[in-house]
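# Residue-level structural notes
Residues per chain, in single letters:
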Amino acid sequence: MVPHDIITEQALRYLPPEREELMDMYRPTDMPTGPGYPGVVIIHGGGWHAGERGAAREVNIGTNLARMGYVCISIDYLLSDAENTSWPENLQDCRSAVRYLRENAVALGVNPEKIGAIGGSAGGHLAACLGALSTGPDDATDADCTGVDSSVQAAVDLYGIADLFHWRYTEEDGTPREEYRYDATTQMLGASHTEAPELWRQASPQFQATPNSAPIMILHGKADTCVDYLQ
């Protein structure tokens, strides 16, 4: 395949005007002659409380996928902090990004039947959530139900968390310890695993995957000292 020349556009809006979160777009300069390029939502990491759409990993992914003939949007999404939770609004923002690609498929040269998601760490978790919950048109769990399908046809989880209950601390070489990490997850969800176990299950893609889920590719290294490789 001959790499495409690409266009990069920054600080675009994909959410309602009152939201401050934005997106960057990476796409081939030429419009497709067939059904359209595959579309990809890129989801940054940062423990659900930090990170940015324009970080080096996200720029790398968007630039290289666009050169290979993908239309990519790298998104900001709602982050949690000491006073505010972010679930499930962070996932709903990711679903809104999928809808954006599908709603604007003709203008962007996207094939609406081939949309995927990729993310690293916390973004990998959200990409896996999109894939695991990918059962068709939006349902009542969406805050902004437009009737446009927010499902993905594939997802890539780069060292994300699949089971929030069993995220382990590690040794310096990445060897998982016995004790579990709960702080960032409790902040995102607003309740501990003992207070709201069903909420934790709903946010764990391992427990949400069904035969209807999209294919999910997981990439993880054993030397990871943030997300243990047992995930």
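Cut-offs used in this document
Residues numbered from 1 in each chain as written. Predicted model: local features only at pLDDT ≥ 70, side-chain atom pairs only at ≥ 80, totals over all residues. Heavy atoms only, no water. Helix = DSSP H or I, 4+ residues; strand = E, 2+ residues; numbered from the N terminus. Rg over C-alpha atoms; globule rule 2.2 N^0.38 Å. Buried < 20%, exposed > 50% of the residue type's maximum accessible area, 1.4 Å probe, protein only. Contact = heavy atoms within 4.5 Å. Areas by Shrake-Rupley, 256 points an atom, 1.4 Å probe, with all protein chains shown as cover. Salt bridge = Lys/Arg side-chain N within 4 Å of Asp/Glu carboxyl O. Expected span 1.5 Å × (residues − 1). Pairing = 2+ DSSP bridges. Axes fitted to C-alpha atoms, helices over the stretch in contact; angles between N-to-C directions. Phe/Tyr/Trp six-rings, centres within 6.5 Å; stacked < 30°, edge-to-face > 60°.

### So, the overall build of the protein
Regarding its fold elements, the protein presents seven helices and nine strands. Relative to a compact globule of 231 residues, whose C-alpha radius of gyration would be 17 Å, the protein shows 17 Å and is just as compact. Taking all 231 residues of the protein together, 50% fall into the buried category. A separation of at least 24 residues holds for 71% of the contacts in the protein among residues at least 6 apart in sequence. A total of about 10,800 Å² of accessible surface is found on the protein, and carbon and sulfur atoms cover 52% of it.

### A look at the pattern of salt bridges
Pairing between side chains of opposite charge can happen when their charged atoms approach one another. If you walk through the whole model with that rule in mind, you get nine salt bridges. When the shortest N-O distance is used, the salt bridge between E178 and R168 registers 3.8 Å. Note that E178 is positioned in strand 8 (residues 176-180) and R168 in strand 7 (residues 168-170), a separation of 10 residues in sequence. Among the charged side chains, a salt-bridge network with shared partners connects R19, E21 and D93.

### Examining helix 1 (residues 56-67)
Taking 1.5 Å as the rise per residue, helix 1 with 12 residues should run 16 Å; its terminal C-alpha atoms sit 16 Å apart, in good agreement. All of the buried residues along helix 1 are E58, I61, G62, T63 and A66. Each element contacted by the buried residues of helix 1 is listed here: strand 1 (6-12), strand 2 (23-28), strand 3 (37-43), strand 4 (71-75), strand 5 (110-120) and strand 6 (154-158). Where helix 1 terminates, the next one or two residues include G69, which has phi positive at roughly 100°.

### What to know about the sheet that holds strand 1
Across a sheet, paired strands are connected by hydrogen bonds in the backbone, their directions being either parallel or antiparallel. As summarised here, the arrangement of the seven strands in space is 1-2-4-3-5-6-9, forming an open sheet in which the pairing is mixed. Lying at the two open borders of the sheet, with one neighbouring strand each, are strand 1 and strand 9 (216-219). Going across the sheet, the axis of each strand differs from the next one's by a mean of 15°, ignoring polarity. Examined bridge by bridge, strand 3 and strand 5 share six bridges and lie parallel to one another. The residue of strand 5 that forms the bridge with G39 is I115. With respect to the sheet, helix 2 (residues 89-103) is in contact with strand 2, strand 3, strand 4 and strand 5, its orientation differing from that of strand 4 by roughly 150°. Packed onto the sheet, helix 4 (residues 122-132) meets strand 3, strand 5, strand 6 and strand 9 and runs at close to 145° relative to strand 5.

### Structural notes on the packing of aromatic side chains
The description of an aromatic ring pair uses the distance of the two centres, along with the angle that the planes make with each other. The final tally for this structure, using the stated rule, is five aromatic pairs. Considering the side-chain rings of F165 and W200, the 5.7 Å spacing of their centres and the 45° angle between planes classify their relative orientation as tilted. You can see F165 sitting in the loop between strand 6 and strand 7 and its partner W200 sitting in helix 6 (residues 197-202), a full 35 residues away along the chain. For F165, a relative accessible area of 14% corresponds to the buried category.

### Thoughts on unusual backbone geometry
Leave glycine aside and you will find that most residues have negative phi; peptide bonds, for their part, are mostly trans. Omega for the bond connecting W87 with P88 falls within 30 degrees of zero, at 0°, which places this linkage in the cis form. For P88, the position within the fold is in the loop between strand 4 and helix 2. At S121, a position not held by glycine, the phi torsion is positive, near 60°. Mapped onto the secondary structure, S121 falls in the loop between strand 5 and helix 4.

Limitation: the analysis is restricted to geometry and does not speak to function.
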